[in-house]
Amino acid sequence: MTNVLPSVVVETHEQPDAAIIWLHGLGSDGHDFESLVPALSLLPTLKVRFVFPHAPRRPVTINGGMEMRAWYDIYEMTLERKVDMANIDESCAQVEQLIQAQIDQGISPDRIILAGFSQGGVIAYQTALHTKHAVAGVLVLSTYLVNGDKVVEADSCVNGQAPILIHHGLQDPVVAPELSVKARDLLVSKGYSVEYKTYEMPHSVCPEQVQDISHWLNVQLAD
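J.: Sorry, what's going on with the pairing of strand β3 (residues 48-53) here?
T.: Regular strands show a simple pattern: their side chains alternate between the two faces of the sheet. Of all six residues making up β3, six are buried, and the element is well covered by its neighbours. In β3, alternate side chains face the same way, and those of V48, F50 and F52 on one face and R49, V51 and P53 on the other are all buried.

J.: Would you mind showing me how to read the layout of surface pockets here?
T.: Unoccupied space between atoms shows up once a probe the size of one water molecule is rolled over them. Volume-wise, the largest pocket comes out at about 230 Å³. Around the largest pocket, the lining is made up of 13 residues, and of these E80, L145, V146, N147 and K182 lie nearest the centre. Among the elements that make up the lining of the largest pocket, the one with the highest residue count is helix α4 (residues 177-189) (four residues). Of the residues assigned to the lining of the largest pocket, the class counts are eight nonpolar, two polar and three charged. What the second largest pocket holds in volume is close to 190 Å³. G25, L26, S118, V174 and H203 are, among the 15 residues lining the second largest pocket, the residues nearest its centre. Of the residues assigned to the lining of the second largest pocket, the class counts are eight nonpolar, five polar and two charged.

J.: Can you help me understand the nonpolar core in this one?
T.: Soluble globular proteins tend to bury their nonpolar side chains together. Counting residues in each nonpolar core, the largest one holds 40 residues, and the members touching the most others are Y72 and Y144. Looking at this core, the element that brings in the most residues is helix α3 (residues 119-130), giving six residues. Excluding residues within four positions of it along the chain, Y72 makes contact with R58, V83, D84, N87, I88, Q119, V122, I123 and Y144.

J.: I keep staring at the environment of N87 and nothing clicks. Help me out?
T.: Inspection of the secondary structure puts N87 in helix α2 (residues 85-104). Among the residues examined, N87 registers a relative accessible area of 12% and is labelled buried. Separated by 15 residues in sequence, N87 and Y72 place their C-alpha atoms 4.8 Å apart.

J.: Would you mind showing me how to read the pattern of salt bridges here?
T.: Oppositely charged side chains can pair when the atoms bearing their charge come close. Tallying each qualifying case throughout the model produces nine salt bridges. The partner of R111 in a salt bridge is D17, with the nearest N and O atoms 3.3 Å apart. Taken together, the positions of R111 in the loop between α2 and β8 (112-117) and D17 in the loop between β1 (7-11) and β2 (18-23) put the pair 94 residues apart, joining distant regions of the chain. For R111, a relative accessible area of 14% gives the class buried. What makes D17 partly exposed here is its relative accessible area of 29%. Put simply, E67 and R57 hold a salt bridge, and the shortest N to O gap is 3.8 Å. With E67 in strand β5 (residues 66-69) and R57 in strand β4 (residues 57-60), this residue pair connects regions lying 10 residues apart in the sequence. Salt bridges here are not isolated pairs; linked through shared partners, they connect K197, E208 and D212.

J.: How should I be thinking about the side chain of S214 in this particular structure?
T.: With respect to the helices and strands, the residue S214 is situated in helix α5 (residues 207-221). Classification of S214 by relative accessible area gives buried; the value is 8%. For S214, the contacting residues outside a window of four places in its chain are L40 and S41.

J.: Help me out: how do you make sense of α3 in this one?
T.: Given 3.6 residues to a turn, an α-helix orients residues that are three or four positions apart in the same direction. Spanning 12 residues, α3 covers 17 Å between terminal C-alpha atoms, matching the ideal 16 Å at 1.5 Å per step. The element α3 is extensively covered by neighbouring structure, given that 11 of its 12 residues are classed as buried. When we look at burial in α3, the residues that qualify are Q119, G120, G121, V122, I123, A124, Y125, Q126, T127, A128 and L129.

J.: For this particular structure, what's the right way to read the sheet that holds strand β10 (residues 164-169)?
T.: Picture the strands of a sheet paired through backbone hydrogen bonds; they go either parallel or antiparallel. Taken together, seven strands build an open sheet; the order of strands is β1-β3-β2-β8-β9-β10-β11 and the sheet is mixed. Strand pairing shows two members of the sheet lacking a second neighbour, β1 and β11 (194-199), which therefore form its edges. On average, each strand axis in the sheet is tilted by 15 degrees relative to the strand beside it, whichever way the strands run. Two strands pair when backbone bridges link them, and β8 and strand β9 (residues 137-141) are joined in this way by five bridges, in the parallel orientation. Its bridge partner being in β9, L114 is matched across the sheet by V138.

Reading the values: the criteria
Residues numbered from 1 in each chain as written. Predicted model: local features only at pLDDT ≥ 70, side-chain atom pairs only at ≥ 80, totals over all residues. Heavy atoms only, no water. Buried < 20%, exposed > 50% of the residue type's maximum accessible area, 1.4 Å probe, protein only. Helix = DSSP H or I, 4+ residues; strand = E, 2+ residues; numbered from the N terminus. 1 Å grid on protein atoms, 1.4 Å probe; cavity = no way out; pocket = protein on both sides within 12 Å on 5 of 7 lines; lining within 4 Å. Points joined across faces, edges and corners; volume = space filled by probe spheres on them. Nonpolar A, V, L, I, M, F, W, Y, C, P; charged D, E, K, R; others polar. Core = buried A, V, L, I, M, F, W, Y, C linked by side-chain atoms within 4.5 Å. Contact = heavy atoms within 4.5 Å. Salt bridge = Lys/Arg side-chain N within 4 Å of Asp/Glu carboxyl O. Expected span 1.5 Å × (residues − 1). Pairing = 2+ DSSP bridges. Axes fitted to C-alpha atoms, helices over the stretch in contact; angles between N-to-C directions.

Structure, rendered in structure tokens:
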């Protein structure tokens, strides 16, 4: 078993009973969304541990083989998104370890939310759809779904009824909005509980979106 990924940890209470595991995008690191925590305006009654892991460093083909933090290698920036599935499986296993680490610290799986931006969203999707743990929800931002033909019906998935919030920018030049639409339509067709919203923004996060994420997190983690 590989070591648990190093992570930036931010706690809103000294005894958290919920966790949000938030995965960054390509070339970034665990600090990327750290500053977002205060802006999320979580209810003061919530006791949340944010876990922002650092992806391993690896060569990325589309960037000329340059080594950077990446959850997986991308071979081609086509709509089909040729990616290294072995890397994805490895990253999902590492996220599983992060989930287990939270459970070992006394946080129930149904108090854990998986979140991810871009590449991180791919891993959040993939982990939620294949993990043995029933989590509280899935937040996927500016991302896409890989291996859609292997997504099982919601009735056969431990997270088949977990709320999935999909956000995407309509002006995204990196991940085409149609990829998030494709993911949404596939998941809905298989019975998953999906909420979808777009914003007038590129491959980023905007203030209106942060407010919507805040509301969603407060609803999902409310007692």
